[in-house]
Amino acid sequence: MTEPVRTCADHGPFATDDGTCPRCGGRGTELLSGERRRRLSKFASGALRHFPGDAGLELDERGWTPFEALAAVVERKYDWAGPDRIAAVIATDPKGRFERTGGADGDGSGDRVRAAYGHSVDVDLEPTDAPVPDELYHGTAPENLASIRESGLQPMSRQHVHLSESHGAAHRVGSRHASDPVVLVVDAAGMLADGHRITKRGRETYTADRVPPAYLEKFGSSDDPRR
Ligand code: HQG
């Protein structure tokens, strides 16, 4: 379930399980229902990751586009969405799917926006120096296992392979593909030691060009029925 976005008069937009502002505990007022938040986020992600041209956006080589341009495109699709709601969806995204330039006092209200990860269009996101945990996870459908065992994790239709910080997050990713997802454990430390690059993107996602099968540690463990 997607929580609604609410807004606090003193502390701005928030989306919490219990519907209270994380800073003052007030309830504020509802800005967007959970369902509208989900739709807006999905469309904005799609436009920034997969179909900027069709949506009427131009991305620079780092994936940035003017916030105003995105807002216009989203508002054209959803007449209930205005810049404030779009800004709130961006600011409260639980996975950090969107990045927005700093703004005057570094409050994330700047004039450009991009998707933090997930692109199929050709963009070149600069490296980050965020630390990479020794182990990462990837959730997938059981029917992909034979092919992954053969050729490792490949980016498929995206630019990168996407890995998760926790087993739970990977399970959620895998659930998008199958009702009985499999979670693979990735030897991130081994990859880095061997010169493969892994980069943190957003709050809980890491990307790599690919993951060769040798780094997929739990391949064939007892929870893999295809062993
Ligand atoms: C599979 C979401 C066969 C791979 C998530 C996956 C993520 C192979 C599917 C982000 C394979 C690609 C990306 C191989 C990989 N043979 N299948 N050799 N290599 N695959 O949707 O990782 O919520 O492009 O296992 O959280 O599921 O949208 O990638 O099942 O971070 O922000 O090919 O999207 O983020 O599927 O998801 P996807 P993904 P958001």
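Here the structure is a predicted model, which means the values were calculated and not measured.

K.L.:
What should I look at first to understand the site of the ligand in this one?
P.N.:
The full set close to the ligand counts 20 residues, and Lys95, His138, Thr140, Ser147 and His177 are the nearest of them. Here an oxygen atom of the ligand sits 2.8 Å away from a polar atom, N or O, in the side chain of Tyr117. The side chain of Arg158 places a nitrogen or oxygen atom 2.7 Å from an oxygen atom of the ligand. Out of a free accessible area of 790 Å², the ligand has 89% covered by protein chains. Contributions of two or more residues to the shell around the ligand are made by β7 (135-140) and α5 (145-151). Element by element, the count of residues in the shell around the ligand is highest for α5, at 3 residues. The residue makeup of the shell around the ligand, split by class, is 5 nonpolar, 10 polar and 5 charged.

K.L.:
Which parts of the structure should I look at to understand the side chain of Thr199?
P.N.:
Looking at the element boundaries, Thr199 is found in strand β10 (residues 198-201). Not counting chain neighbours up to four residues away, the residues in contact with Thr199 comprise Pro127, Thr128, Thr205, Tyr206 and Thr207.

K.L.:
Hey, could you run me through helix α1 (residues 34-49) in this one?
P.N.:
In an α-helix, one turn spans 3.6 residues; hence positions three or four apart end up facing the same way. Its 16 residues place the ends of α1 22 Å apart at the C-alpha level, agreeing with the 22 Å of an ideal helix rising 1.5 Å per residue. When α1 is considered as a whole, its buried residues turn out to be Gly34, Arg37, Leu40, Ser41, Phe43, Ala44, Ser45, Gly46, Ala47, Leu48 and Arg49.

K.L.:
Teacher, can you tell me more about unusual backbone geometry here?
P.N.:
Peptide bonds are mostly trans, and most non-glycine residues show a negative phi. The backbone of Met156 shows a phi angle near 55 degrees, a positive value even though the residue is not glycine. With respect to the element layout, Met156 can be found in the loop between α5 and β8 (161-164). For Met156, a relative accessible area of 72% corresponds to the exposed category.

K.L.:
Just checking my understanding: could you explain the packing of α1 against helix α3 (residues 67-77) for this structure?
P.N.:
Between two packed helices, what matters for the description is the angle formed by their axes and the separation of those axes. In the contact formed by α1 and α3, the axes pass within 11 Å of each other and the chain directions differ by 130 degrees. With respect to their mutual orientation, α1 and α3 come out oblique. When you trace α1 past α3, the crossing you get is right-handed. Here α1 contributes Leu40, Phe43, Ala44 and Leu48 to the contact with α3, which in turn contributes Leu70, Val73, Val74 and Lys77. Residues belonging to the contact of α1 with α3 are distributed by class as follows: 7 nonpolar, no polar and 1 charged.

K.L.:
Mind showing me how you'd approach the pattern of salt bridges here?
P.N.:
Close approach of charged atoms allows side chains with opposite charge to pair. Under the definition given, this model contains 8 salt bridges. Across the salt bridge formed by Asp124 and Arg62, the nearest N and O atoms sit 3.5 Å from each other. Residue Asp124 is located in the loop between β6 (112-115) and β7, and its partner Arg62 is located in the loop between α2 (52-55) and β4 (65-66); the two are separated by 62 residues in the primary sequence. With relative accessibility at 31%, the residue Arg62 sits in the partly exposed group. By sharing partners, the salt bridges in this structure join Arg62, Glu99, Arg114, Asp124 and Glu126 into a single network.

Rules of the game
- Residues numbered from 1 in each chain as written.
- Predicted model: local features only at pLDDT ≥ 70, side-chain atom pairs only at ≥ 80, totals over all residues.
- Heavy atoms only, no water.
- Near = heavy atom within 4 Å.
- Polar contact = N/O pair within 3.5 Å; in protein donor to acceptor, adjacent residues only side chain to side chain.
- Areas by Shrake-Rupley, 256 points an atom, 1.4 Å probe, with all protein chains shown as cover.
- Helix = DSSP H or I, 4+ residues; strand = E, 2+ residues; numbered from the N terminus.
- Nonpolar A, V, L, I, M, F, W, Y, C, P; charged D, E, K, R; others polar.
- Contact = heavy atoms within 4.5 Å.
- Expected span 1.5 Å × (residues − 1).
- Buried < 20%, exposed > 50% of the residue type's maximum accessible area, 1.4 Å probe, protein only.
- Axes fitted to C-alpha atoms, helices over the stretch in contact; angles between N-to-C directions.
- Parallel < 35°, antiparallel > 145°, perpendicular 65-115°, else oblique.
- Left-handed = near helix turned anticlockwise from the far one by under 90°.
- Salt bridge = Lys/Arg side-chain N within 4 Å of Asp/Glu carboxyl O.

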